[in-house]
Amino acid sequence: MVIKNKIGVVGSGPISCAMIDAINESSNGEVMGIWGRRFHLAKELAKEKGVSKVYGSLNEVFEDDELDTVYIATPNASHYDQAMAAIEHRKHVIVEKTAFMTANQANRVFDAAEKQNVFVFEAVRSIYEPNFQILKTAIKRLGKIHGATLKYQNYSKQYLALLKGEKAPLFDENHGGGTLRTIGIYPIYAAVQLFGVPVKSYYFKQPTVKYIDLGGTCIFEYEDFKITMLISKINLTNDSISEIYGENGTLRFHSLYDIRTISYRSIINDTEETISEPISDNSLLYEITEFSEWIMMKDVTAYRKQKNITLKAISIIEQAINGGT
């Protein structure tokens, strides 16, 4: 009999819906109940997904003794308080990206979790996907690294609302928005996982609307090479190909999450091969399976390794927003 991670879902939006499907598809997780800011929507989602329990309040979630873990998928600005409340009730926490607005918040959450002997994970799906693991291994084939270009440019209609003076939550940095913080997290996590922490980092914002992070260019400097990241929510592009360059060849891959194609082009023999593998239609499956395994196996080593990467990524983002290092 498989012991399952019993999960309470906080939030009833599209990402919660996708996560519930991923948990149901996994072999080691089980959704016990749902809470949402709009009770009727949470009730509809629970009925659709066959979840028996709908919580009337957040406290009911945290006080549910049946739960091992709370999954938080509410607006970014609410993550810190909700994570701390869950930890106080000795629940493990999986919090959607972007988990925390500052490195100080993240450190406080992780310190509180250590005292309560629970785990906290930021749900950045990309680094748990099988093709990302293939990418990490394939980098060895490149030999000496010359550099990389990582792209995440995805146009948002909220930009038009912003120009009209209307509400645009995506770009509201006071509530956890801003392009680098919300989507820049994918290339930054990828860079830290693939190459480590940079010696220096810089972020040059697109100056379209003053003081608002609409996107820009992020530069990571390492001892022998540089990485350029093109990040934007106001640029429309048909090409989301990222590349890593080395003395032996080039790795090309589509997107920075839900990676479905990776190719290796050899300089030595002028050949190109596809090295990726087919993945699930719901790429959240891989992160939730890993999280549940580490929680149920009490794998402190794996958890702390991932915690350190999260803290490094959050610190880099905060420094970059404030002008770089």
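Just above sits the structure.
The structure reproduced in this document is the subject of the present report. (Residues numbered from 1 in each chain as written. Predicted model: local features only at pLDDT ≥ 70, side-chain atom pairs only at ≥ 80, totals over all residues. Heavy atoms only, no water.)

### Here we look at empty space enclosed by the protein
Remark: the empty space left among the atoms is shown by a probe the size of a water molecule rolled over them.
No. 1: Applying the stated rule across the entire model yields two cavities of 30 Å³ or more.
No. 2: If you trace the largest cavity, you find it lined by T98, F100, M101, R181, I314, I317, E318 and I321.
No. 3: In this structure, the second largest cavity encloses a volume near 40 Å³.
No. 4: Along its surface, the second largest cavity is lined by V120, F121, E122, Y128, Y303, Q306, K307 and T310. (1 Å grid on protein atoms, 1.4 Å probe; cavity = no way out; pocket = protein on both sides within 12 Å on 5 of 7 lines; lining within 4 Å. Points joined across faces, edges and corners; volume = space filled by probe spheres on them.)

### Re the environment of N76
No. 1: Its place among the elements puts N76 in the loop between β4 (69-72) and α4 (79-88).
No. 2: You can call N76 buried: its relative accessible area is 17%.
No. 3: The sequence separation of N76 and G177 amounts to 101 residues, and the corresponding C-alpha distance is 7.4 Å.
No. 4: Apart from residues lying up to four places away in sequence, N76 is in contact with K97, T98, A99, H175, G176 and T182.
No. 5: Engagement of the side chain of N76 in a polar contact is seen with the backbone oxygen of G176, the distance being 2.8 Å. (Helix = DSSP H or I, 4+ residues; strand = E, 2+ residues; numbered from the N terminus. Buried < 20%, exposed > 50% of the residue type's maximum accessible area, 1.4 Å probe, protein only. Contact = heavy atoms within 4.5 Å. Polar contact = N/O pair within 3.5 Å; in protein donor to acceptor, adjacent residues only side chain to side chain.)

### Describing the layout of surface pockets
No. 1: When its volume is computed, the largest pocket comes out at roughly 1100 Å³.
No. 2: Looking at the largest pocket, it is lined by 39 residues, and the ones nearest its centre are I15, A73, T74, P75 and N76.
No. 3: Counted by class, the lining of the largest pocket contains 16 nonpolar, 15 polar and eight charged residues.
No. 4: Space inside the second largest pocket adds up to approximately 220 Å³.
No. 5: H92, N117, V118, F119 and K298 are the residues nearest the centre of the second largest pocket, which is lined by 13 residues in total.
No. 6: Listing elements by their share of the lining of the second largest pocket, those giving two or more residues are α5 (103-116), α10 (284-297) and α11 (300-321).
No. 7: Counting residues per element, the lining of the second largest pocket draws most heavily on α11, at three residues. (Nonpolar A, V, L, I, M, F, W, Y, C, P; charged D, E, K, R; others polar.)

### Details of the packing of α5 against α11
No. 1: Relative orientation of the contacting elements α5 and α11 amounts to 160°, with a least axis distance of 9 Å. Here α5 lies roughly antiparallel to α11, going by the angle between them. The crossing of α5 and α11 is left-handed. Residues A103, A106, N107, F110, A113 and E114 of α5 form the contact with α11, whose participating residues are Y303, R304, K307, T310, L311, I314, S315 and E318.
No. 2: When the residues that make up the contact of α5 with α11 are grouped by side-chain class, the tally is seven nonpolar, three polar and four charged. (Axes fitted to C-alpha atoms, helices over the stretch in contact; angles between N-to-C directions. Parallel < 35°, antiparallel > 145°, perpendicular 65-115°, else oblique. Left-handed = near helix turned anticlockwise from the far one by under 90°.)

### Some thoughts on the packing of helix α1 (residues 14-25) against α10
No. 1: Direction vectors running N to C along α1 and α10 enclose 60°, while the axes themselves pass 9 Å from each other. The angle between the axes of α1 and α10 places the two elements in the oblique class. Note that α1 runs across α10; the crossing there is right-handed. Mapping the contact onto sequence places I15, A18, M19, A22, I23 and E25 in α1 and L284, L285, E287 and I288 in α10.
No. 2: A class-by-class count of the residues in the contact of α1 with α10 yields eight nonpolar, no polar and two charged.

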